[in-house]
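Structural overview for review
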Amino acid sequence: MIFTRKYFNRSLAWRSCLGLFQICLLHGFSSQVFAFELDGPKWLGAETEFYVELTGISDTGISWNSAFIAAMNDWNNETPFNFILREEAKDPCIRDGLNGVDFKPDLCGSNFGSSTLAVTFRRQLEQQILGEPLIIETDIVINQDVEFNVFDGKLVQFGIQGLDLRRIALHELGHVIGLDHESANLAIMASSIGNIDRLREDDIAGVEALYGGLSNCTIKNLNFGIINAALDSNDCTVQELTSGGSDTSFVEIYRFDLSSETSVAFTMTSPSLDSVLILADTELQFLGFDTKSSNSCDSSLSQVLPPGSYFLVANTYDVPVKEGCGNQGSYQITASFSSGGLTALGSGISLSGGESSAVFRGGITRDNGASFGNQFNSGDSLDISAEIDIDPLHQGQAGFLVVAAMVGEQTLLLNQQGQFVDSAENPGFIEKAANRTLSAVESLSIATNLVPEALNINEIVVDFYVGYGLSSNPGEVYFHQTPLNLTVSP
Ligand SMILES: [Zn+2]
């Protein structure tokens, strides 16, 4: 995160000009690594609707509309960007939150200038917590006094009048997407119109870089409970994550999935980091952040989220803001949740690589199922349960159920007497919690009325796993990826 953001809301962008193009864009971001030029701002989710209804037809018999739509399709087919076509006329001179294109006698009230072919306006930007702002509206105004045509190949050809509108549309749509002029390599985004009539490698690489920031960074699974990690030079920077801007602060990204409305709470503590916690959806649209929960270097954040997939982003400042806090070092995140029912425990895996379509759910409650969560006090009376939707191929077969509790390096397995025994005492043996003919849904009661304090436990972190297997293949156990976490504090 950058402490003081420079935010500029530019509205006028670029004009491509007859003969030599004029350069009309300020350069927000230019990377030394890539040849193509990224302007910085981009569209949420790498897509936008574009309204097109151009009337008229070229000398070569191709309508202006189909030439423009063909240009949109080129970007769609060859890059990760997606223009959604809306075949409807929208006045590009009106700021209406919609992207439109049309021929105009002037530049929405001002002069085109003698050599201007078309202008792409960027009318609205929306500031983001991290990285460059999002583009909200663009419009393309085409100079109706220029003689256009539609043709492939060289710009000047014997017997063909006018300028090819298709390549001009390609170029302007490149600005809409967020590309700037390219001077080093052959590209449709070259600063002057020429013989290039289609997208080139550099144009495509530019869009991939602009919208591929997430692929620059490692995304870890968030397991509720306690996470110990560090922000340092092994991590991605915000600049890499968002493909733009000048924010070189480190980030770590954790993904989590919610199957029902859930209240989540996160605390990031660090002896050395000026901590920043950010919640986002998986397209990096930011939902909330906290940078200063107290006078310490810590950060905390809580929110109620609908079902869906989310990112928790652990970040810091590029330049530390708080006195005594730095911009790299170790941190701890405490992640807790509360929901109204059992939670999904991730996709199924197995000990020996066998496949199962089983679905796992689990929950811990202190109020007889009114709410479920992972963060409890040592005096709470806890009920811990899980359910498995058994793979239909395994239903009706003789099988067994397994419950494991991981405490640090120790693995405890639940036996048929309802006690957890250390697996190290009997290496290689899988203790069964129950043997039975497998039903469609197996319910497991892992603990009832468990009061940690009564067992002299004031503080503990336990990750539970449940699984099942078939008596015909006792070495194989099907279980889940996300642990059922229990975090007890005094
Ligand atoms: Zn341009």
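Just so we're clear, the structure is a prediction, and the values are computed from it rather than from any experiment. (Residues numbered from 1 in each chain as written. Predicted model: local features only at pLDDT ≥ 70, side-chain atom pairs only at ≥ 80, totals over all residues.)

The next subject is the nonpolar core. Across soluble globular proteins, you tend to see nonpolar side chains buried next to one another. The biggest cluster of nonpolar side chains holds 39 residues, and the ones touching the most others in it are Phe68, Leu165, Ala169 and Leu173. Contributing elements (two or more residues each) for this core: strand E2 (47–51), helix H1 (64–78), strand E5 (116–126), strand E6 (134–143), helix H2 (165–177) and helix H3 (201–211). Among residues more than four places away in sequence, those in contact with alanine 169 are Ala67, Phe68 and Ala71. Ranked by size, the runner-up nonpolar core spans 34 residues in total, among them Ile390, Phe400, Phe464 and Tyr465. (Core = buried A, V, L, I, M, F, W, Y, C linked by C-beta atoms within 7 Å. Buried ≥ 20, exposed ≤ 12 C-beta atoms within 10 Å, placed from the backbone. Helix = DSSP H or I, 4+ residues; strand = E, 2+ residues; numbered from the N terminus. Contact = placed C-beta atoms within 7 Å.)

So, on to unusual backbone geometry. At alanine 46, a position not held by glycine, the phi torsion is positive, near 55 degrees. Positionally, alanine 46 belongs in the loop between strand E1 (14–17) and E2. The backbone of asparagine 368 sits at a positive phi, close to 55 degrees, despite the residue not being glycine. Relative to the helices and strands, asparagine 368 is located in the loop between strand E21 (359–365) and strand E22 (372–373).

Consecutive side chains along a regular strand alternate between the two faces of the sheet. Sheet topology note: the strand E10 (residues 225–231)/strand E18 (residues 329–339) ladder contains seven bridges and is antiparallel. Note that in E18 the partner of isoleucine 226 across the bridge is threonine 334. Bridge count between strand E13 (residues 262–269) and E18: eight bridges; the pairing is antiparallel. In the sheet register, methionine 268 faces E18, and the bridge partner there is isoleucine 333. (Pairing = 2+ DSSP bridges.)

What follows concerns the domain arrangement of the protein chain. Many analyses report the size of an interface as the accessible area lost when the parts associate. As far as domains go, the protein chain holds domain 1 (14–211), domain 2 (215–339) and domain 3 (343–489). Measuring from the centre of the C-alpha atoms in domain 1 to the corresponding centre in domain 3 gives 57 Å. (Domains from an automatic or database assignment.)

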